Amino acid sequence: MPSLPDMMTADAEALARAAGKGGAAPLEAGSPAHDLFTGLCRLGDNTLILGHRISEWCGHAPVLEEDIALANVALDLIGQTQLWLGLAAQVEGRGRSADNLAFLRDAWHFSNILLVERPNGDFGHTLMRQFLFDAWHAPMLKALEGSNDARIAEIAAKAGKEVAYHLERSADLVIRLGDGSAESHARMQDALERLWPYAGEAFIGDAVDARLAEAGLMPAPDSLRPQWEATVNEVLGAATLSAPESRFAHQGGRQGRHSEHLGHLLCTMQWLQRAYPGARW
Amino acid sequence: MSSEWPLWEVFIRGQHGLNHRHVGSLHAPDAQMAIRNARDVYTRRNEGVSIWVVRSGDITASSPSEKGPLFDPANSKVYRHPTFFDIPDEVGHM
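Below you will find a few notes about this structure. As the structure is a computational prediction, the values presented were derived from the model and not from experiment.

1. Some remarks on the interface of chain A and chain B
Now for step 1: Chain A puts 8 residues into the contact, and the matching count from chain B is 10 residues.
Now for step 2: With 5 residues, helix 3 (residues 64–92) of chain A is the largest single contributor of residues to the side of chain A that touches chain B.
Now for step 3: Taken together, the residues of the side of chain A that touches chain B break down into 5 nonpolar, 1 polar and 2 charged.

Laid out in structure tokens, this is it:
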């Protein structure tokens, strides 16, 4: 699906150049630096987009305690984004910063999985999305701790502690709501069925993933599937929820092909830097 | 919704060796969730190494109307403070 040009700024990259950023030739596709840049953006874009999505709950969660807990998770994810995209910008070596990558790229340059750009839905839907993501995120970071690149291993170790708590929390709430009232059970089962086709994308690798795995920089996506399935089966079982049989997975996010939802999200997230390029506070 | 959940009092120990201190209260359906919520509400800025929660209803408190009989008699007992007494020099540092 081709995306339309950004309506507010005809050429965001020209604006960035005018602000003294970028300008050098982009990294060559298929080069080790471009592969690493891509892998790091995929990590940082997942945490950025999910972090923004969860932050939409701020002030709207069903109770104060959940409101602040969700905000904490969102802030953890945004913090991890700064590290991943900061390293991506460093690897790219074109004078861009984590902020440039977050606020001045357009939808087709984002490489998050489609799951994290799904709209929040109700509270149960948000938690189910969080759980399906956390169950992948935790083993992913564990594997990244063994990366040949010490910078990646360090970020993964720091983020891993935060994500261990995210998973504990989302799993617990999925169980409580799934195994709760008839109403909460029905909502969680509905959320599971709606989100299930978006859960598999994280495990489908492409040529970039293969080269990164070969170089010992990041794990092959499909290597994380057994652990994810073990966690998901255990928690869904305890939650009395049943996962659909199908393994069909919507794909494209990791390659920059997104659903319409990402554009709306970016519109909100990026408008200030788009309207007032280089604005600081 | 939160009115259906009981209220819990939260106590946080800031550092090893210090006592747990009352920091506030929150709502939660059970003790485990109260601990989780306390972690998210009260230890966001690295305040704690340990959390206690107790159902607010399980706390027995003194009544403000008994304040006089309970506390006034201690007002005039200055000799209950160690500083009231002169320590002989020979005792040295205590």
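2. Structural notes on the nonpolar core
Now for step 1: Core analysis: the biggest nonpolar cluster contains 74 residues, and Leu40(A), Ala88(A) and Val174(A) have the highest contact counts within it.
Now for step 2: Beyond its immediate stretch of four places on either side in the chain, Ala88(A) contacts Phe37(A), Leu40(A), Cys41(A), Gly44(A) and Leu101(A).
Now for step 3: In this structure, Val10(B), Ala28(B), Ala38(B) and Ile51(B) belong to the second largest nonpolar core, which totals 10 residues.

3. Re the pairing of strand 2 (residues 20–27) of chain B
Residue and element names in this part refer to chain B.
Now for step 1: Summarising the sheet, strand 1 (residues 7–13) and strand 2 pair through 7 bridges and their orientation is antiparallel. Opposite valine 10, over in strand 2, you have glycine 24 as the bridge partner.
Now for step 2: Hairpin connection of strand 1 to strand 2: 6 residues between the antiparallel strands, including glycine 17 at a positive phi of 95°.

4. Overview of the environment of Ala33(A)
Residues and elements named next belong to chain A.
Now for step 1: Examined against the element boundaries, alanine 33 turns out to sit in helix 2 (residues 32–55).
Now for step 2: Under the C-beta neighbour-count criterion, alanine 33 is labelled exposed, with 12 such atoms within 10 Å.
Now for step 3: Here the alpha-carbon distance between alanine 33 and glutamate 162, two residues 129 residues apart in the chain, equals 28 Å.
Now for step 4: Not counting the four nearest positions on each side in its chain, alanine 33 is found in contact with Leu27 and Val91.

Calculation rules
- Residues numbered from 1 in each chain as written.
- Chains lettered and ligands numbered in written order.
- Predicted model: local features only at pLDDT ≥ 70, side-chain atom pairs only at ≥ 80, totals over all residues.
- Contact = placed C-beta atoms within 7 Å.
- Helix = DSSP H or I, 4+ residues; strand = E, 2+ residues; numbered from the N terminus.
- Nonpolar A, V, L, I, M, F, W, Y, C, P; charged D, E, K, R; others polar.
- Core = buried A, V, L, I, M, F, W, Y, C linked by C-beta atoms within 7 Å.
- Buried ≥ 20, exposed ≤ 12 C-beta atoms within 10 Å, placed from the backbone.
- Pairing = 2+ DSSP bridges.

So, to be careful, I would describe these as geometric facts and stop short of saying anything about function.
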